[in-house]
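# Architecture and fold: a report
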Amino acid sequence: TMRKRLSSMMGGLRAMMGGAQQEDNSWEMLQQTKDKIRAARVHLSDPEITQFVIVMISEAMAVFETQRLLTSLNRWKIPANHIVVNQLVPPNPSCKFCSKRYEMQQNNLKDIKDLYSDLDLIPVPLFDGEIRGVKELTRLGKILTGELEE
């Protein structure tokens, strides 16, 4: 076979370079790596143990990138049923910039809802600071699980 010929040829080259005393286990290592990749693929595609949650922002480029991601996940049969739409700006009529961002995000959010109506969409507001500590993480957790709406 091709594998035996390549192995024999590599053994000959190794002998010429003074490395004949070391046993070649590269094929075994490659097979082990292949087996690990195969096992990972099986685990990643099993919805009982794996669920890919997509996190995106409500902007046009993110919608496009999410579509590409979902296509890849579907091709590999990796389950993805949830999309977190992060950093949604609240309405603020007294701020022109905020109002424009809000309007843009709401238009994109409508497209997101239309495109991914078969998926669970979870809107998450833009927080006024970093999410740090138990209190903020608990608040975020409640938003993600639907216990708290903002």
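The coordinates are above.
Model, not experiment: these values are computed from the prediction. (Residues numbered from 1 in each chain as written. Predicted model: local features only at pLDDT ≥ 70, side-chain atom pairs only at ≥ 80, totals over all residues. Heavy atoms only, no water.)

Glancing now at the overall build of the chain. Within the chain, the regular secondary structure consists of 5 helices and 3 strands. A total of 150 residues make up the chain; the buried ones form 21% of that total. Within the structure as shown, the chain displays about 11,500 Å² of accessible surface, and the carbon and sulfur contribution to it stands at 58%. (Helix = DSSP H or I, 4+ residues; strand = E, 2+ residues; numbered from the N terminus. Buried < 20%, exposed > 50% of the residue type's maximum accessible area, 1.4 Å probe, protein only. Areas by Shrake-Rupley, 256 points an atom, 1.4 Å probe, with all protein chains shown as cover.)

With that settled, the discussion passes to the side chain of Thr-66. On the secondary structure map, Thr-66 appears in helix H3 (residues 60-75). Discounting chain neighbours no more than four positions away, the residues touching Thr-66 are Ile-54, Met-56, Ile-83 and Tyr-116. (Contact = heavy atoms within 4.5 Å.)

Moving on, we come to the state of the cysteines. As enumerated under the stated definition, the model contains 1 disulfide in all. Here Cys-95 pairs with Cys-98 through a disulfide, and the sulfurs are 2.5 Å apart. Here the disulfide of Cys-95 and Cys-98 is right-handed, its torsion about the S-S bond being about 65 degrees. Owing to a relative accessible area of 21%, Cys-95 belongs among the partly exposed residues under this scheme. (Disulfide = S-S within 2.5 Å.)

The strand order across the open sheet built from 3 strands is E1-E2-E3, with neighbouring strands paired in parallel fashion. With one partner strand each, in any of the chains shown, strand E1 (53-57) and strand E3 (120-125) form the two edges of the open sheet. Neighbouring strand axes in the sheet, compared pairwise and without regard to direction, differ in orientation by 25 degrees on average. The sheet strands contacting H3 are E1 and strand E2 (82-88), and the helix crosses E1 at an angle near 165 degrees. Sheet strands touched by helix H4 (residues 96-115): E1, E2 and E3. Its angle to E2, the strand with the most contacts, is close to 175 degrees. (Pairing = 2+ DSSP bridges. Axes fitted to C-alpha atoms, helices over the stretch in contact; angles between N-to-C directions.)

In this section: the nonpolar core. Ranked by internal contacts, the top residues of the largest apolar core, which has 15 residues, are Ile-54, Met-56, Leu-70, Ile-83, Val-85, Ile-112 and Tyr-116. Contributions of two or more residues to this core are made by E1, H3, E2 and H4. Top element by residues in this core is H3. It accounts for 4 residues. Setting aside residues up to four positions removed in sequence, Tyr-116 forms contacts with Val-63, Thr-66, Gln-67, Leu-70, Ile-83 and Leu-121. Counting 6 residues, the second-largest nonpolar core is a separate cluster that includes Ile-122, Val-124, Phe-127 and Leu-140. (Core = buried A, V, L, I, M, F, W, Y, C linked by side-chain atoms within 4.5 Å.)

Let's shift gears to the pairing of E1. Because side chains alternate across E1, one face comprises the buried residues Ile-54 and Met-56, and the other comprises Val-53, Val-55 and Ile-57, none of which is buried. Note: E1 against E2, 5 bridges, orientation parallel. Note that in E2 the partner of Ile-54 across the bridge is Ile-83. Handedness of the E1-H3-E2 crossover: right-handed. (Right-handed = clockwise from strand over helix to strand, strands pointing away.)

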